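Now for the letters of each chain:
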Amino acid sequence: MFLVLVSCLVNTLLAFFGQENLGIYLIINIICFLVLTLIFTPANPRVKKQFNILNMIFFTGFLVIVIIEFADIISR
Amino acid sequence: MVFSEKQISYGIRQVKNQYKKLGTGLCITGIIIGLISYFVIGSVPLTAVGISAIMIGMTCIVLACTHPSLSPQVYQLMLITGLENTTVLLDGLGLSDKAVYIPSTMGNGYQQALIPLEGNVEMNLIKEKIPDRLIVRYGQNPEDRAISVTTPGSICLDRFETVPGPTADEIETAVNYILSEVLDIADSASVILVNDKVYVAVSNPKLIFEDSCYYQYLGSPIASIIAAISSEALGRPIRISEEILEKKLSTITLEVLL
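It should be emphasised that the depicted structure is a prediction, and the values quoted were computed from it without experimental measurement.

Considering the pairing of strand β8 (residues 249-256) of chain B
Residue and element names in this part refer to chain B.
In step 1: In terms of strand pairing, strand β6 (residues 197-203) meets β8 through seven bridges, oriented antiparallel. Across the sheet, Tyr-199 pairs through a bridge with Thr-253, a residue of β8.
In step 2: As paired strands, strand β7 (residues 238-244) and β8 are joined by six bridges and run antiparallel to one another. Of the residues in β8, the one forming a bridge with Glu-243 is Ile-252.
In step 3: Hairpin connection from β7 to β8: four residues lie between these consecutive antiparallel strands.

Pasting the structure below:
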């Protein structure tokens, strides 16, 4: 539920402030996802394992976006 | 055994997971919204909404995968059967006193509770390790016998990698970890250790149970868990001396023996 609320809030605020870079949207959404799953994942080992896989996927995506943005800044 | 069509359809309905449906729906919707927004409309905020929907959908699918394969009703059935049998056994023996939670070091490697068959358990009589049996002898006299049972708290101790220390802070951390994080049966707990008494306040206990003979001897499940953790942490036997159960705040007083 928190993830839905935070996603709505982040996207609305970024759109309100006229952000047009998709990378920024992705980075902030992924950071929110990682933080929320870290706080609210139950202590059940099975649940943790499943969420760790999902976190790894999103963190890889986050790194890819950061590298692309970094390469873009360097190339300017 | 032949199942009727109604029973089969009921079983299938039980297995079907709403989370998986919701997650798949969100993922598909997110992909469609994302692609149309990015390539057709050319709107970045709408594309971000599509991507967020995919992320929420994937979270729902992961939650569906962690859903237990058996329904909670099956676990409840097994639990009630076990409790009923134990209650009949304890009731039939005409026991007179409350259980004493002994640490694993005094037992056979795991935490257990002793319910004396006659009178109180005199802890100074326990010289040897309590054997792994139902009826155990803890002293030299013929009447020094007790029923040895495993409690909900005994099972919870397996969750700890290391035994919590004997301070109030460490016991409080361990109790909070089990009650609020692992089992989610209370919001929080605070522990005060004064001389040979442990005072525990549990806020918002969520576990509802029937006041049966079983709980009169062993205490409520929450009290049992706290007694087991405290006994293991202090390395001393513990008896639940008082339990005041209220909706918002339960207070449990434990007596440290020996």
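Let's talk about the pairing of β7 of chain B
In step 1: By the bridge criterion, two bridges tie strand β1 (residues 100-102) of chain B to β7 of chain B in an arrangement that is antiparallel. Bridge assignment links Tyr-101 of chain B to a residue of β7 of chain B, and that residue is Ile-238 of chain B.

Notes on the side chain of Ser-220 of chain B
In step 1: Looking at the secondary structure, you find Ser-220 of chain B in the loop between α7 (213-218) and α8 (221-234).
In step 2: Owing to a relative accessible area of 3%, Ser-220 of chain B belongs among the buried residues under this scheme.

Topic: the confidence of the model for chain B
All names here are of chain B.
In step 1: Averaged over all residues, the pLDDT of chain B is 82; the fraction at 70 or higher stands at 90%.
In step 2: Taken element by element, chain B is modelled with least confidence in helix α1 (residues 5-15), mean pLDDT 49, and with most confidence in β6, mean pLDDT 92.
In step 3: In the model output, the complex is listed with pTM 0.64 alongside ipTM 0.84.

Overview of the packing of aromatic side chains
Residue and element names in this part refer to chain A.
In step 1: Summed over the entire model, instances satisfying the criterion amount to four aromatic pairs over all chains.
In step 2: Ring plane angle 80 degrees and centroid distance 5.4 Å describe the contact between Phe-16 and Phe-17, whose orientation is recorded as edge-to-face.
In step 3: The exposure class assigned to Phe-16 is exposed, which follows from its relative accessible area of 67%.
In step 4: Note on Phe-33 and Phe-58: the rings are 4.6 Å apart at their centroids and 65 degrees apart in plane angle, and the pair reads as edge-to-face.

Examining the pattern of salt bridges
Residue and element names in this part refer to chain B.
In step 1: For the structure on display, the rule yields three salt bridges over all chains.
In step 2: Residue Lys-206 pairs with Asp-184 through a salt bridge whose shortest N-O separation is 3.0 Å. Taken together, the residues span a long stretch of sequence, with Lys-206 in the loop between β6 and α7 and Asp-184 in the loop between α6 (168-182) and β5 (188-194) at a distance of 22 residues.
In step 3: For Lys-206, a relative accessible area of 41% gives the class partly exposed.
In step 4: Each of Asp-184, Asp-187 and Lys-206 takes part in a single network of salt bridges with overlapping partners.

Criteria and thresholds
Residues numbered from 1 in each chain as written. Chains lettered and ligands numbered in written order. Predicted model: local features only at pLDDT ≥ 70, side-chain atom pairs only at ≥ 80, totals over all residues. Heavy atoms only, no water. Pairing = 2+ DSSP bridges. Helix = DSSP H or I, 4+ residues; strand = E, 2+ residues; numbered from the N terminus. Buried < 20%, exposed > 50% of the residue type's maximum accessible area, 1.4 Å probe, protein only. pLDDT = per-residue confidence, 0-100. Phe/Tyr/Trp six-rings, centres within 6.5 Å; stacked < 30°, edge-to-face > 60°. Salt bridge = Lys/Arg side-chain N within 4 Å of Asp/Glu carboxyl O.

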